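Secondary and tertiary structure notes
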Amino acid sequence: MSKVIQILAFESSCDDTSVALLRAREGDLKPSVVSMAIQSQFDVHEKFGGVVPELASRAHLKNLFPCLKKVMAEGELQKLSEVDCFVSTQEPGLIGCLLIGHSAAKTLSFIYDRPFVGCNHIEGHLMSIHLDHTMAFPYLALVVSGGHTSLFVVRGWDDYEQLGVTLDDAAGEAFDKGAKLLGLGFPGGPEIDRLAIQGNSSKYRFGRVQTKELNFSFSGIKSELVRIHQREGSQLSLVDAAASYQSAILRHLIEKIEAAVEFTGVSNLVIVGGVARNSELRRRLAELKSQNRLKNWYAPKPEYCTDNAAMIGVLGYRKFIQGQFSDLSSDVKATVRPKRKPQSL
Ligand code: KG4
Ligand code: ZN
């Protein structure tokens, strides 16, 4: 019988503390999730209308071990010495937050004399589709979250290239900042999504965003919302503003997706990251598919779209089976681009 490999992963790059246990049989391309805990910090940051880094670090410190206990109990992991590899998010993210998961994973790796693997958070999001889908390569992948917006072509396991990236804000950040301006709760994406359903998306006009190649920019859309908000004053319709603003963000995303399909000839799309939960984005992608402008599109289930340790565990497993271990003296990084492999497009 082939050996069972157990991976314990930690994610603490921003405002979700997450721990996951994954298992694979030796030779498997990917592991399965055995148990996962996610502790959101919604109640900590809501009153500030955004993530407060120091409070986020402290909340990770408080939540990490209760999450680990839950994962061990649900996954029937009796002893941490049974784990084959400890994994954590190393970059990019809030430094104080990254340090919590990173220190925990490194310490366990040292105590139990097992390999440690530090992972890139965006590469983790790219892996999240493999948690609940069997994907055929190649495909395009749109990573749309609160901190990142990038478009990739994924040609195989561990073989992908970034085609474009945001030049300023991330799409989720644009949702959050727009919602704050409109006096909605935090995080703003789900609030705008909910309100927009009742609104008229052509009520307020936003100009088309023009960026070079397959890059994104959301700061202009945000500035237009500020101008509309000032111009309309008390006459502003909240639902129509939410619908029009959301529509402008999504139009930009869809235009770049279509340009990437044309550029690469790859017409299967994966969407990952928090904004992949957006209902109107999903409706528009379904429309593109029905018009044969996309072959198909896929998204992980909602809890795998937002930050979670399971996606970091898949990436950690891929690195583990290739012997790509990290050094115990490795540091965390606030910003970094995921590694690329040169491709001929
Ligand atoms: O992936 P994630 O949990 O964290 C980062 O890595 O940033 O994504 C969080 C982001 C937030 O900006 C949130 O507003 C956005 O995802 N989001 C949404 C929706 N649900 C979450 N944006 C639009 N529509 C949604 N339904
Ligand atoms: Zn994320």
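Residues numbered from 1 in each chain as written. Chains lettered and ligands numbered in written order. Predicted model: local features only at pLDDT ≥ 70, side-chain atom pairs only at ≥ 80, totals over all residues. Heavy atoms only, no water.

Moving on to the site of ligand 1. Around ligand 1 sit 21 residues in total, of which Gly146, Gly147, Asp176, Asp193 and Asp307 are the nearest. A distance of 3.4 Å separates an oxygen atom of ligand 1 from a polar atom in the side chain of His121. Contact between ligand 1 and Asp307: an oxygen atom at 3.0 Å from a side-chain N or O atom of the residue. Protein burial of ligand 1: of its 550 Å² of free accessible surface, 90% is covered by the chains. The dominant element in the shell around ligand 1, judged by the number of residues it contributes, is helix α6 (residues 188-196), at 4 residues. Residue composition of the shell around ligand 1, grouped by class: 5 nonpolar, 12 polar and 4 charged. (Near = heavy atom within 4 Å. Polar contact = N/O pair within 3.5 Å; in protein donor to acceptor, adjacent residues only side chain to side chain. Areas by Shrake-Rupley, 256 points an atom, 1.4 Å probe, with all protein chains shown as cover. Helix = DSSP H or I, 4+ residues; strand = E, 2+ residues; numbered from the N terminus. Nonpolar A, V, L, I, M, F, W, Y, C, P; charged D, E, K, R; others polar.)

Octahedral metal centres with six donors ideally show angles of 90 or 180 degrees, and tetrahedral centres with four donors ideally show 109.5 degrees. At 2.0 to 2.1 Å from the zinc ion (ligand 2) lie its protein donor atoms, namely His121 (NE2), His125 (NE2) and Asp307 (OD). Geometry at the zinc ion (ligand 2) is irregular, judged from the 4 donor atoms that bind it and their angles of 94 to 141° at the metal. Site description for the zinc ion (ligand 2): donor spacing in sequence, H-x3-H-x181-D. With His121 and His125 both in helix α4 (residues 121-127) and 4 residues apart, the pair spans about one turn of that helix. For His121, a relative accessible area of 3% corresponds to the buried category. Here His125 falls in the buried class, since its relative accessible area comes to 0%. (Donors = N, O, S within 2.8 Å, 3.2 Å for Na, K, Ca; no water. Tetrahedral: all angles 85-135°; square planar, octahedral: opposite > 155°, others 65-115°. Buried < 20%, exposed > 50% of the residue type's maximum accessible area, 1.4 Å probe, protein only.)

Across the sheet, which stays open at both edges, the 5 strands sit in the order β8-β7-β6-β9-β10 with mixed pairing between neighbours. Taken across any chain shown, the strands that pair with only one partner, and hence form the sheet edges, are β8 (159-165) and β10 (296-298). The sheet shows a mean angle of 25° between the axes of neighbouring strands, direction not considered. Two elements, strand β9 (residues 268-272) and β10, share 3 bridges in a ladder whose sense is parallel. (Pairing = 2+ DSSP bridges. Axes fitted to C-alpha atoms, helices over the stretch in contact; angles between N-to-C directions.)

Another aspect to go through is the sheet that holds strand β2 (residues 16-25). Spatial ordering of the open sheet is given by β3-β2-β1-β4-β5, a layout of 5 strands whose pairing is mixed. Both edges of this open sheet fall to β3 (32-40) and β5 (116-120), since each of them pairs with a single strand only. Across this sheet, the average inter-strand angle for adjacent strands is 20°, counted without regard to direction. Both strand β1 (residues 4-11) and β2 contribute to a ladder of 8 bridges, which runs antiparallel. Counted as the bridge partner of Ile7 is Leu22 from β2.

Remark: the empty space left among the atoms is shown by a probe the size of a water molecule rolled over them. Considering only enclosed or pocket space, the largest pocket measures out at about 1,500 Å³ in volume. If you go around the largest pocket, you meet 50 residues; those closest to its centre are Cys14, Ser145, Gly146, Gly147 and Asp176. When residues of the lining of the largest pocket are traced back to their parent elements, those giving at least two are β3, α4, β7 (149-156), β8, α5 (171-181) and α6. For the lining of the largest pocket, the element with the most residues is α5, which contributes 6 residues. Its residues placed into classes, the lining of the largest pocket shows 17 nonpolar, 22 polar and 11 charged. (1 Å grid on protein atoms, 1.4 Å probe; cavity = no way out; pocket = protein on both sides within 12 Å on 5 of 7 lines; lining within 4 Å. Points joined across faces, edges and corners; volume = space filled by probe spheres on them.)

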